Amino acid sequence: MAKPFIVMQLPKLEFGDIQGLLIRSYSFLPDACYVMLQFNEHAQIRAFLADILPGITAASHKRPDLAFHIAFTNTGISRLIPEEQLITGFAPEFTEGLNTKTRSRILGDFDTNAPEKWYWGGTQNPRVDAVLMIFAKDSAALEEKYQDTAERLKRYNISEVTRLNTMNIGSKEHFGFEDGIMNPLVAGVGGSNARYTAEEEQNVVMPGEFILGYPNEYAKFPLSPRVKTGMDDGFDIGKNGSYMVFRQLEQDVKVFWEFIYGLSENDPHLQGMGPELIAAKMMGRQLNGESLAPAAAGNLKNFLFAADDKDGFHCPIGAHIRKSNPRDGIDDDPALSVKMVKKHKILRRGRAFGAPLSPDFDPATMRASGNNDKRGLYFICFNAQINRQFEFIQNAWCNNNKFDGLNDDIDPIVGFPFRETAFRNSAFTIQGCPVRKKISNIPQFVFVRGGAYFFMPGMKALKYLAGTPGSLDTVL
Amino acid sequence: MKTFTDQNGLIVIADIDANKLSILCDELHVLHTAIINKADHPFRKIKGIHFARFVIFPDPLATQPPGQLFRLVYSCTYDGLLDTYLQAITAGETISPFERIFSCCKDYDPAVPPAAAITTFIKGHTQRVDAYYSGYRGLSNDIISKEAEIYTLIQQFLRERTFAATDDPKFIKQEIVRYIHEHVPDYSHIKAVPLPYIKPLYAGLLIGLLLVGILVLAGIIHLYLLGALVALIAGIVFYLRRLEQTAPELPDTEQEVAAVPSLTKDEDFYAQNQLSHLVAINPGGFRLGVLRTVLWLINLLAKYSFNKGALGGICTIHFAGWSILEKERSLLFFSNFDGSWENYLSDFVDRAAVGLTGVWSNTINFPRTSWLAFKGAADEERFKNWTRKYQIHTQVWYSAFEELTVKNILRNHHIALGLNQEMNDTQTKQWLNLL
């Protein structure tokens, strides 16, 4: 059957000026590591940047053998751009930093998630100024690039705070669910005359939601930092860059499945519900990624809630995938809901760490395992406005127990009650006939163990940062 | 229970005695601390109060020019009559904090007994609320509290009892009703609250018709009169368009607002949050006239069209009000809402940009507008930064049900009403679905 196509006239993206990670997640480069850096007093940061610049992968490289990226935290940026050099500043959330009180209250980073207890990036850890990200086709290539980079760091007096190694665990995440199914389609990435099917359209988002310098979903250009150059307008150092959220999320897989099996075996209200179904209700998808909300067979991406699952009888209203992407389900206006949800999207680029609790992700084995190794997700995402996108999803949707008329349902997977300073077991409602079932006393399964807000500049901006302060000669 | 008790908004504004400013700040801090620590404080003892706040402006903590006049705002939402409410706050057990606070104002008369002094003071300094919205008109404090209790009891019942998938919905409802009957004997007195209601679309049509009617009438009386009216409207529109094109916006270099941490530190402690906002009205009688007209219209719509739990599609507002302060030539806005500031402001932009632009386009530094109500608030980032820039610190904020959202309150009301209703199968299923 021929599907109707929607042709959109889209802005031309400057792929040569955008770091490649913003455009692709490098699934063809399975080995990766992230190196957190600190610029100490004697660091020759500009010289280091000039040295590594030719090695940074621009998005115009469609299939590189190796990808290399750099992003800065607020402290890193302020070492490179003195305050008086800025005409308009960076986003306030970025300037404030992830590990501060206000951010903690918005995100729920209290108690068990508190920045005082983080492995890195927290209030008690060494300062992080920048991150280098290496993606390689195998571990040998990764190691080679890392060694080369480590030598250069030494040469320019830059210290390594920590090296985070990812683990290629396939297409699932550690609890055993298919992952990375949904990511927004960035308008303009497929060329300026891209065609989308009508059902894809709900997921097509304007580039200005993720990359500074392009129109966003409000048909406005996101506010972008500018530096003085002696010329009238200054230099838009934000252009073709993006804010990158990086959080190390540890998953307690054993506790997750123990809790689910416990419900299935002992809770009289959940009679007849197997552990996989209970887990699926909390996630909003089956383990194999299939949607719980009615969808065409095999269509994991394009389904809606309003028409056939308004009350959450299939996919509960508080389920993780419904809370973090409510599609057309908010309130009673599906078209408006789609339009609004587009303003709260993120481009996910995270990777797993640690070995799976069971190699074949078998729930029964995971429940019974005695392995205590650390595992989880390096959650990484891009957005043009951290407060309206990443923080909004975590705060107004996942952590909000009142989401869409609910009474006390925090996201059972990643939610944390932001109003309380101590973790509080919340409830989860499985809507259904004749009357809803409720799971209470849900323990915490996902823990924040580190993180920072970064800015990933465009290539020209990097060149500017590598040059003498205030000089544009190198860029133009 | 009475079927209809309207909620009223009270705003009291008075000059603060400069010598007592620091005493006042301390008093408000004590009250604020008592509220957040859930310790003993007077608001808890006043039955018909939904929300209350004290605001000092300008902010005494920021640097102010010498000789600056500070003013105190007391605002609250209460059930029923002002006199009943005044009796409640001047009762023996609640009066002393109010006395200590209001006596820091210039016009407070300490020579008369405090109950009389407070009553005279409040009545003498009441500020007109130009536009007022209530998310659940007619639901008094008593009703909300009773219905929340019923919801909690039903949750408890459903924890204790297990129902099978094959159980008849009507049987389940019957069991719930029986349980509630045992625990809340007077549940059956809960009645629906009748409200006059005009669909927003019809209200818009009505206003349009009225306008056309006036023009037609003018035309019938004399063609010159019609001509003069049309010329007047065209003149207003032309003048407005010219003003719009030259009105200065907040420059992008001022987008990072220094005051934000002092505001955010008090946010996100409950399911609800609050906003106090004060911004100067654009110079000239014209802007003031337009603003008054827009607020008058919004007030009417809020009372008769947006009285089903949503203001222009925003269903997270409990109470909100705009008030024009003559002395400062400023527009004051108070709001009590659900969820985070970011969520609330996003709703403003996505759902109600037109209405809000119609109001705030008459104040200074607002993002560039077009035809009075367009663009403006739709410029999301600049609108949010503008809002933060003119948001003022609320020294004391109290909410009677800080963990109940508008949707929760309305849901509880539907559940409670349903207890007394005969229902068919579909209705019973829908009712059970509310639980």
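Note that residues are indexed from 1 along each chain, following the sequence as it is written. Chains and ligands are labelled by the order in which they are written, letters from A for the one and numbers from 1 for the other. A pLDDT threshold of at least 70 governs which residues receive local features in this predicted model, and a stricter bar of 80 or more applies before side-chain atom pairs are shown or counted, although totals over entire chains, interfaces and linings include all residues.

(A) Structural detail: the overall build of chain B. A run of H or I in DSSP counts as a helix once it spans at least four residues, and a run of E counts as a strand once it spans at least two, with each numbered from the N terminus. Each helix and strand in chain B was counted, giving 15 helices and 11 strands. Atoms considered for the radius of gyration are the C-alpha atoms alone. The globule rule reads 2.2 Å times the number of residues to the power 0.38. Taking 22 Å as the expected radius of gyration for a compact globule of 435 residues, we find that chain B reaches 24 Å, a close match to that expectation. Summarising its shape, the C-alpha atoms of chain B cover approximately 70 × 60 × 45 Å along the three principal directions. Across the 435 residues of chain B, 40% fall into the buried class. Long-range pairs, those at least 24 residues apart, make up 77% of the contacts in chain B between residues at least 6 apart in sequence. Any residue with 12 or fewer other C-beta atoms within 10 Å of its own C-beta is exposed, any with 20 or more is buried, and the rest are partly exposed; the C-beta atoms used are placed from the backbone. Contact between residues is assigned whenever the C-beta positions, reconstructed from backbone atoms, fall within 7 Å.

(B) Seen up close, the overall build of chain A. Along chain A, the regular secondary structure elements total 13 helices and 18 strands. Relative to its full complement of 476 residues, chain A shows a buried share of 50%.

(C) Expanded view of the packing of helix α6 (residues 141–160) of chain B against helix α14 (residues 406–419) of chain B. Residue and element names in this part refer to chain B. Axis definition: a line fitted to C-alpha atoms, limited for helices to the stretch in contact. Angles are taken between N-to-C directions and run from 0 to 180 degrees. For the pair α6 and α14, the least separation of the axes is 9 Å and the interaxial angle reads 75°. By the angle between their directions, the pair α6 and α14 is classed as roughly perpendicular. Where α6 abuts α14, its residues I144, E147, A148, I150 and Y151 lie against I409, N412, H413, I415 and A416. Three classes are used, and their members are as follows: Ala, Val, Leu, Ile, Met, Phe, Trp, Tyr, Cys and Pro are nonpolar, Asp, Glu, Lys and Arg are charged, and the others, Gly among them, are polar. Residue composition of the contact of α6 with α14, grouped by class: 7 nonpolar, 2 polar and 1 charged. Comment on the angle field: the value is read as roughly parallel under 35 degrees, roughly antiparallel over 145, roughly perpendicular from 65 to 115, and oblique elsewhere.

(D) Geometry of the interface of chain A and chain B. Contact with chain A, which involves 33 residues of that partner, is made by 37 residues of chain B. Along the lines of polarity and charge, the residues of the side of chain A that touches chain B split into 14 nonpolar, 10 polar and 9 charged.

(E) Structural detail: the environment of N113 of chain A. All names here are of chain A. Here N113 lies in the loop between α4 (101–107) and β5 (130–136). Between the alpha carbons of N113 and P412 there is a distance of 15 Å; along the sequence they are 299 residues apart. With residues near it in sequence (within four places) discarded, N113 still touches G108, F416, F447 and V448.

(F) Spatial organisation of the confidence of the model for chain B. Each residue carries a pLDDT value, the predictor's own confidence for that position, ranging from 0 to 100. Across chain B, the average pLDDT comes to 90, with 98% of residues at 70 or higher. Interface confidence for the predicted complex, expressed as ipTM, amounts to 0.90; the pTM equals 0.93.

(G) Structural context of the domain arrangement of chain A. Residues and elements named next belong to chain A. Taken as a whole, chain A is organised into domain 1 (10–246 + 451–466) and domain 2 (247–450). Segmentation of the chain into domains, including their bounds, is taken from an automatic or database domain assignment. The C-alpha centroid of domain 2 is placed 26 Å from the C-alpha centroid of domain 1. Opposite the 58 residues of domain 1 that make contact, domain 2 presents 62 residues. Elements represented by at least two residues in the side of domain 1 that touches domain 2 include exactly β2 (31–39), α3 (92–96), α4, β6 (158–165), β12 (242–251) and β18 (446–456). Here the side of domain 1 that touches domain 2 gets 5 residues from one element, more than from any other, and that element is β12. The class makeup of the residues in the side of domain 1 that touches domain 2 is 30 nonpolar, 17 polar and 11 charged.

(H) Looking closely at helix α9 (residues 223–246) of chain B. Between its first and last C-alpha, α9 of chain B extends 35 Å over 24 residues, near the 34 Å set by a 1.5 Å rise per residue. The buried fraction of α9 of chain B is low, at 0 of 24 residues. Take the number of residues in a helix, subtract one, and multiply by 1.5 Å to get its expected span.

(I) Geometry of the domain arrangement of chain B. All names here are of chain B. Domain annotation for chain B reports domain 1 (7–127), domain 2 (141–184 + 405–433) and domain 3 (200–398). With centres defined by C-alpha atoms, the gap from domain 2 to domain 3 works out at 39 Å. Taken residue by residue, the interface counts 4 residues in domain 2 and 7 residues in domain 3. Taken together, the residues of the side of domain 2 that touches domain 3 sort by class into 2 nonpolar, 1 polar and 1 charged.

(J) Structural context of the sheet that holds strand β7 (residues 317–325) of chain B. All names here are of chain B. Only strands that DSSP links by at least two bridges are regarded as paired with each other. Spatial ordering of the open sheet is given by β5-β7-β8-β6, a layout of 4 strands whose pairing is antiparallel. This sheet does not close on itself; its edge strands, each paired only once, are β5 (131–134) and β6 (272–280). Each neighbouring strand pair of the sheet contributes to a mean axis angle of 10°, computed without reference to strand direction. Sheet analysis places β5 next to β7, joined by 4 bridges and oriented antiparallel.

(K) Spotlight on the nonpolar core. Put simply, a nonpolar core is a cluster of buried Ala, Val, Leu, Ile, Met, Phe, Trp, Tyr and Cys residues tied together by C-beta atoms within 7 Å. Of all hydrophobic cores here, the largest spans 120 residues; its most connected members are V131 and F454 of chain A. For this core, the two domains that each supply at least three residues are domain 1 (10–246 + 451–466) and domain 2 (247–450) of chain A. Each residue touching F454 of chain A, except ones within four places of it in the same chain, is listed here: A71, F72, T73, V131, M244 and F246 of chain A. Core analysis: the next-biggest nonpolar cluster, separate from the first, contains 101 residues, I11, F54, V294 and L331 of chain B among them.

(L) View of the sheet that holds strand β2 (residues 49–57) of chain B. Residue and element names in this part refer to chain B. Taking strand neighbours across the sheet as the criterion, the 5 strands line up as β4-β1-β3-β2-β11 in an open arrangement whose pairing is antiparallel. Whereas interior strands pair on both sides, the edge strands pair on one side only; in this sheet they are β4 (126–127) and β11 (396–399). Both strand β1 (residues 7–15) and strand β3 (residues 71–79) contribute to a ladder of 9 bridges, which runs antiparallel. Looking at β3, one finds that N8 is bridged to Y78.

(M) How the structure looks around unusual backbone geometry. The amide bond that connects C433 of chain A to the next residue, P434 of chain A, takes the cis arrangement and shows omega of -5°. With respect to the element layout, P434 of chain A can be found in the loop between β16 (426–430) and β17 (437–442). With an omega dihedral of -10°, the bond running from F57 of chain B to P58 of chain B counts as a cis peptide bond. Note on placement: P58 of chain B falls in the loop between β2 and β3. Non-glycine residue N240 of chain A carries a positive phi angle of around 65°. On the secondary structure map, N240 of chain A appears in the loop between β11 (235–236) and β12. A positive phi angle, near 55°, is found at N441 of chain A, a position not held by glycine. Mapping N441 of chain A onto the fold places it in strand β17. With 9 C-beta atoms packed within 10 Å, N441 of chain A lands in the exposed category.

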